[in-house]
Amino acid sequence: MQVKCPTCGKATEYTPKNPWRPFCSERCKLIDLGAWASEDYVIEGTPGSADRMTPEELDSVARYTAERESRTTHRRR
C-alpha cells in the first residue's frame, strides 16, 4: 500500500519492508521526532488527564473485569 510521508509528502510503501513507515526515510522520521521534542506538535489537554477516571468509570471497569473473569473461570471447569 502506498501512503504519503507525513513529513515530505513523498509516496512511500507502508509495508514491513519499510522500517521507517509511515515515513519515507530515517531523515523524515527524525525530523518528525524533532518537531515533537521541540513542542511544535502538542496534544490538547492537561498532562496525564487521559489517565484519570471518575469513580463511576473505575467501578464500571471493576464490574466488567470481575464478570469477565467469572465467565472465564466457569468455562475452564
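Everything numeric in this text was worked out from a predicted model, so none of it was measured.

What counts and how
Residues numbered from 1 in each chain as written. Predicted model: local features only at pLDDT ≥ 70, side-chain atom pairs only at ≥ 80, totals over all residues. Heavy atoms only, no water. Helix = DSSP H or I, 4+ residues; strand = E, 2+ residues; numbered from the N terminus. Buried < 20%, exposed > 50% of the residue type's maximum accessible area, 1.4 Å probe, protein only. Contact = heavy atoms within 4.5 Å. Areas by Shrake-Rupley, 256 points an atom, 1.4 Å probe, with all protein chains shown as cover. Expected span 1.5 Å × (residues − 1). Phe/Tyr/Trp six-rings, centres within 6.5 Å; stacked < 30°, edge-to-face > 60°.

Engineer: Give a description of the overall build of the protein chain that names residues and reports values.
Structural biologist: A count of helical and extended segments in the protein chain gives two helices and two strands. Of the regular secondary structure in the protein chain, the N- to C-terminal order runs β-β-α-α. Per-residue burial for the protein chain yields a buried fraction of 12% across its 77 residues. Residue pairs at least 24 apart in sequence account for 4% of intrachain contacts in the protein chain once pairs closer than 6 positions are excluded. As displayed, the protein chain offers around 6,800 Å² of accessible surface, 55% of which is attributable to carbon and sulfur atoms.

Engineer: Could you give me a rundown of helix α1 (residues 26-37), with the residues and numbers involved?
Structural biologist: When the terminal C-alpha atoms of α1 are compared, their 16 Å separation across twelve residues agrees well with the 16 Å that a helix rising 1.5 Å per residue should span. Immediately beyond the C-terminal end of α1, within one or two residues, lies E39, with a positive phi of roughly 65 degrees.

Engineer: Explain the packing of aromatic side chains to me, and be specific about the residues and the numbers.
Structural biologist: Two aromatic rings are characterised by how far apart their centres lie and by the angle between their planes. In the structure shown here, the tally under the stated rule is one aromatic pair. Geometrically, the ring pair formed by W36 and Y41 is edge-to-face, given 5.1 Å between the ring centres and 65 degrees between the ring planes. Overall, the relative accessible area of 41% leaves W36 in the partly exposed class.

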